[in-house]
Amino acid sequence: MNRYKKIKTYVFVGIISTLSSTPTLYADSGWRYQQQSDDLNNQTYSVAQSPLPKPGLYDNIMLSLVCKDHTLQSVIETDDLIASQGSSFTLEYQIDKQAPVTLTLKTFPDSKRKGYTETDAKQMAEALLSGQAVFIKVNTMIKTVLSISINLDNASTPIKKVLEDCASLTTSSQQTPSTNNYSFKDFEADFKQLTANQQQKILPQLKQLISNKQQSIN
């Protein structure tokens, strides 16, 4: 029986040792880039994520740049209440000693502690690339202010990767032809660019196409 108790004690101590040695992404760990999956929408999206502050210095706030569904988002996540789901709130950030910038973000439909902006995301991303540190203040619905200072020394590579991901996705989608947006004015403009000989070759084909369409309708 005593032997059984000793075994349980060793197992318990081993578990505690393992948990205490698990690394925490504090400020010294730096920014990181990762790709994550959204199982509900079967999508893969990329994230540049800031580290959490060391305990006791600031509020637990995490800043992320996210490229999801061809769109760049600036996302803020806290341990404390920001606003009710789907509500607007203000965030102020200051790069080094530059003038502070105030943005309006919106909490996600399923969260009171996580908000985002798409409108000002690129502006904020470019600002983060220009400095050494960013100081952030989040104004909550209960009139409290959450704050954090985030080191930007190694933020450049993760942020640029996310921007590149969004840029490549946008370019790819723009290169996809869309026949629905081709208007009669577009046709006229294209037709006028053809030579007289080319126009004469196309007109009989158009006439035959229209004739066949009319017959199918009748």
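Keep in mind it's a predicted model, so treat the numbers as computed, not measured.

K.L.:
How would you explain the state of the cysteines if you had to name every residue and give the values?
P.N.:
If you walk through the whole model with that rule in mind, you get one disulfide. Put simply, Cys67 and Cys166 are joined by a disulfide, and their sulfur atoms are 2.2 Å apart. One quick way to see it: the torsion about the S-S bond of Cys67 and Cys166 is about 110°, and its sign makes the bridge right-handed. With Cys67 in strand E3 (residues 61-68) and Cys166 in helix H3 (residues 156-175), this residue pair connects regions lying 99 residues apart in the sequence. The exposure class of Cys67 is buried, given its relative accessible area of 3%. The class for Cys166 is buried, based on a relative accessible area of 7%.

K.L.:
Tell me about helix H2 (residues 121-128), and please be specific about residues and values.
P.N.:
Of all the residues in H2, the buried ones are Ala121, Met124, Ala125, Ala127 and Leu128. Projected down its long axis, H2 shows its buried positions confined to an angular sector of 160°, all on one face.

K.L.:
Before we move on, could you go through the environment of Tyr93 and cite the residues and values that matter?
P.N.:
Mapped onto the fold, Tyr93 is located in strand E5 (residues 88-95). Classification of Tyr93 as buried rests on a relative accessible area of 3%. Residues Tyr93 and Val134, spaced 41 residues apart in sequence, show a C-alpha to C-alpha distance of 6.5 Å.

K.L.:
How would you explain the sheet that holds strand E9 (residues 145-151) if you had to name every residue and give the values?
P.N.:
Spatial strand order, E1-E2-E3-E4-E7-E6-E5-E8-E9: nine strands in an open sheet with antiparallel pairing. With partners counted over all chains shown, the strands left at the sheet margins are strand E1 (32-38) and E9, one partner each. On average, each strand axis in the sheet is inclined to that of its neighbour by 30°, with strand direction left out of account. Where strand E4 (residues 71-78) and strand E7 (residues 114-117) come together, four bridges link them in antiparallel fashion. Bridge pairing in E7 links Val75 to Tyr116. Packing of H2 onto the sheet brings it into contact with E3, E4, E5, strand E6 (101-107), E7 and strand E8 (133-139), and relative to E5 it is tilted by some 25°.

Cut-offs and rules
Residues numbered from 1 in each chain as written. Predicted model: local features only at pLDDT ≥ 70, side-chain atom pairs only at ≥ 80, totals over all residues. Heavy atoms only, no water. Disulfide = S-S within 2.5 Å. Helix = DSSP H or I, 4+ residues; strand = E, 2+ residues; numbered from the N terminus. Buried < 20%, exposed > 50% of the residue type's maximum accessible area, 1.4 Å probe, protein only. Arc of directions from axis to C-beta. Pairing = 2+ DSSP bridges. Axes fitted to C-alpha atoms, helices over the stretch in contact; angles between N-to-C directions. Contact = heavy atoms within 4.5 Å.

In short, the description is geometric, and any link to function would need to be established separately.
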